[in-house]
Amino acid sequence: MTQIPSPSTAGQDTIAAIATPPGTAGIAVLRISGDRAIAVASELFDGTDLSEAAGHTAHHGYVRDRGGGMLDEVLVTVFRAPHSYTGEHSVEISCHGGSVVSKRVLQRVLDSGIRHAEPGEFTRRAFLNGKMDLSQAEAVADLIHAQTDEAHRASLQQLEGQLSRYVGNIRDRLLHAAGMLELSLDFVEEDVDFLSAAETAKLLTEAGEQLRRALDSYAGGRIIRDGVRIALVGAPNVGKSSLLNHFLGRRRAIVTDQPGTTRDYLEEAVLLHGEYVRLIDTAGLRHTDDVIEREGIAIGRETLRSADVICLLADARDGLDPAEALRAQLTKESGGGEVLLVFNKCDLAARETVAAIAGQGPVISVLRGDGLPELSRRLAELARELHRGSEQGSVLVTNIRHADCLRRGIAALDEAQRAASEGMTEEVLAAELRRAIDALGEIIGVVTTDDILNGIFSRFCIGK
Ligand SMILES: Nc1nc2c(ncn2[C@@H]2O[C@H](COP(=O)(O)OP(=O)(O)OP(=O)(O)O)[C@@H](O)[C@H]2O)c(=O)[nH]1
Ligand SMILES: [Mg+2]
């Protein structure tokens, strides 16, 4: 366990990286952070003396190589600790875009004995220096990866500290209670209660309810962050992969007339009528001796449980009965996702068969294009409804790590409640409270491990 240090950065080396994406662009921004940031920048900068420059000032000039040759015309912004993103001395060099120019400027900086930054290292330093807590640092990554307006809004809220405040508040009250309980342990002879049994019970109930509310928001929060997950399932050869390719507008999945073509798990993001969804193509469901295909089918069944919408494809030629039977089975296997029955290959089905299935679900032909716009609209509508359900409430959890911490916090509080009702000692009660406090502390990063930090910051891009 690492206790987060106080906002001092002594001993951190200086790091640099290009913060803008590679490729041709108007400008590229290079970031330097650490004790030596300003000294190194002033060494290679031909313009005002940066070592004397005040924080939050911008300076026009040139970057020169060691021999004095010009590398680029730049704008340098100086930030002085602790008033910077990382909390350290920082410099941002805006040079001309294009990979050659920015890379040469970066090389010039690295040649001054500065280390290239790891992914997420700037934000990691911001966290370690107390500029933001852990859930806010994670929000930075979410913000960068946001694909929709809603995801953007949700990550901004988290960055602004909404979740931290909600969780921090509950944690503070639990901390206070644990302190009181521990205090009464010290005065066990005197038989004084610093926290009455009624007060304890009330606190446990309230805190538990608040945490549950936060955890409940995760179902919707995940949808906002990752998009609605739509699984394409059904018997082999019914046209699942063909439908995926149609929605994507390209040949992503292999399509053949052989049953059992798809054996792997394919997931792709796509916009359907303005709704951002994730389409998942799976192996067709059937009994098989093929080891690889069996593995694919097992993954397909797992997907079924985690999908928000299950698009169950059936062959229109087979009529209603087999499709209904499969629907009944999959509804049982699903994790509560809505099952939408879709009949494909209507171009091959007899007119009477089509008449019999019409009204039981969309009837389409991926080959001929029949019914595809309607199906796309229908799926978008389902996705929109799921989104709407996720917009209510004051707190929004979008991150699986946070959901897991909440789950552990709730379990500890439940245990504490049981201990209290069974008349267990205050020692047991206090221990459970501490477990809940630690779980909540992990969300904001009050107490954390290197493993957790490495997991989080490796998701970032270099330069952030
Ligand atoms: N006639 C007709 N053929 C279709 C239609 N949709 C797909 N097919 C054909 O059906 C065959 C199977 O299509 P796939 O998309 O590979 O089916 P799948 O459900 O992914 O099959 P598996 O991956 O084996 O489970 C291919 O030959 C497709 O061209 C359709 O609407 N009409
Ligand atoms: Mg397939």
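Here goes a summary of the coordinates provided. Owing to the predicted nature of the structure, the values given are computational and were not obtained by experimental measurement.

## Notes on the overall build of the protein
Looking only at helices and strands, one finds 15 helices and 14 strands in the protein. Taken against the 2.2 N^0.38 rule, which gives 23 Å for 464 residues, the C-alpha radius of gyration of the protein at 29 Å runs more than 25% over that of a compact globule. Structurally, the protein occupies a C-alpha span of about 85 × 80 × 40 Å along its principal axes. Of the contacts formed within the protein by residues at least 6 apart in sequence, a portion of 66% connects residues at least 24 apart. As displayed, the protein has an accessible area near 22,200 Å², and 51% of this comes from carbon and sulfur atoms. Between the centroid of the 50 positive side chains of the protein and the centroid of its 68 negative side chains there is a distance of 6 Å.

## Remarks on empty space enclosed by the protein
Counting across every chain of the model gives one cavity of 30 Å³ or more. As a volume, the largest cavity reaches approximately 40 Å³. Forming the walls of the largest cavity are A154, Q157, Q158, Q162, L163, L396 and T398. Taken together, the elements giving at least two residues each to the lining of the largest cavity come down to α5 (149-159) and α6 (162-186). Ranked by the residues each element gives to the lining of the largest cavity, the list is headed by α5, at three residues. Residue composition of the lining of the largest cavity, by class: three nonpolar, four polar and no charged.

## Details of the coordination of the magnesium ion (ligand 2)
Here the magnesium ion (ligand 2) is held by S241 (OG) and T262 (OG1), and the distances to it run 1.9 to 2.1 Å. With a gap of 21 residues between them, S241 in helix α8 (residues 240-248) and T262 in the loop between α8 and β10 (266-272) connect regions that are remote in the sequence.

## Observations concerning the site of ligand 1
Lining the immediate environment of ligand 1, one finds 23 residues, of which K240, S242, G260, T261 and D347 sit closest. G239 has a polar backbone atom sitting 2.9 Å from an oxygen atom of ligand 1. More than half of the atoms belonging to ligand 1 lie within 2 Å of the grid points that define the largest pocket. Sorting elements by how many residues they give to the shell around ligand 1 places α8 first, with three residues.

Cut-off values and rules
- Residues numbered from 1 in each chain as written.
- Chains lettered and ligands numbered in written order.
- Predicted model: local features only at pLDDT ≥ 70, side-chain atom pairs only at ≥ 80, totals over all residues.
- Heavy atoms only, no water.
- Helix = DSSP H or I, 4+ residues; strand = E, 2+ residues; numbered from the N terminus.
- Rg over C-alpha atoms; globule rule 2.2 N^0.38 Å.
- Contact = heavy atoms within 4.5 Å.
- Areas by Shrake-Rupley, 256 points an atom, 1.4 Å probe, with all protein chains shown as cover.
- Lys, Arg positive; Asp, Glu negative; His and termini not counted.
- Charge placed at Lys NZ, Arg CZ, Asp CG, Glu CD.
- 1 Å grid on protein atoms, 1.4 Å probe; cavity = no way out; pocket = protein on both sides within 12 Å on 5 of 7 lines; lining within 4 Å.
- Points joined across faces, edges and corners; volume = space filled by probe spheres on them.
- Nonpolar A, V, L, I, M, F, W, Y, C, P; charged D, E, K, R; others polar.
- Donors = N, O, S within 2.8 Å, 3.2 Å for Na, K, Ca; no water.
- Near = heavy atom within 4 Å.
- Polar contact = N/O pair within 3.5 Å; in protein donor to acceptor, adjacent residues only side chain to side chain.
- Sits in = over half its atoms within 2 Å of the grid points.

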